[in-house]
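So the chains spell out like this:
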Amino acid sequence: MALYCLPISDIELTVDNLPVEIKVKGYGGNAESIIKITEVSYTFEKEYTPQLKITLTGQKTYGNNSSYDMIA
């Protein structure tokens, strides 16, 4: 199971070149929205099932504000 593949030692996450803009494209290939990522943070829990949680903070600079965007 993939949950048990995380290392037990400490993790250090390094992020360079912020802010960065991510273009979210629709089915037709056109940019439906642009999200500007300004900060990245993380927590790592070394309990029974280790978990790495990464949080991206930013602002949508282009697109419809009444819908959600998915970054994969």
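Everything below is about the structure printed above this text.
### Comments concerning a nonpolar patch on the surface
Next up, step 1: There is a patch of nonpolar side chains on the surface, built from Leu 13, Val 15, Leu 18, Val 20, Tyr 42, Leu 52, Ile 54, Leu 56 and Ile 71 and spanning about 690 Å² of accessible area.
Next up, step 2: Looking at the nonpolar patch, the element that brings in the most residues is strand β3 (residues 51–62), giving three residues.
Next up, step 3: Along the chain, Ile 54 turns up in strand β3.
Next up, step 4: The exposed category is assigned to Ile 54, whose relative accessible area is 51%.

### Some thoughts on the pattern of salt bridges
Next up, step 1: Inspection of the entire model under this criterion finds one salt bridge.
Next up, step 2: Here Glu 45 makes a salt bridge to Lys 53, at a shortest N to O gap of 3.8 Å.
Next up, step 3: Using a relative accessible area of 41% as the deciding quantity, one classes Lys 53 as partly exposed.

What counts and what doesn't
Each chain has its residues counted from 1, running along the sequence as written. In keeping with the predicted nature of the model, local features appear solely for residues at pLDDT of at least 70, side-chain atom pairs appear and are counted solely at 80 or more, and the whole-chain, interface and lining totals rest on all residues. Excluding hydrogens and water, the side-chain figures rest on all heavy atoms present in the structure. Residues with no salt bridge and a relative accessible area higher than 30% make up the patches, which join like charges within 9 Å and nonpolar side chains (Val, Leu, Ile, Met, Phe, Trp, Tyr) within 5 Å. With residues, only the protein chains shown are counted as cover, and all accessible areas are computed by Shrake-Rupley using a 1.4 Å probe. Throughout this description, the term salt bridge denotes a Lys or Arg side-chain nitrogen within 4 Å of a carboxyl oxygen of Asp or Glu. Elements are defined by DSSP. Helices are runs of H or I of four residues or more, strands are runs of E of two residues or more, and each kind is numbered from the N terminus. Burial classes follow relative accessibility: with a 1.4 Å probe on protein chains only, a residue under 20% of its type's maximum area counts as buried, one over 50% as exposed, and anything between as partly exposed.

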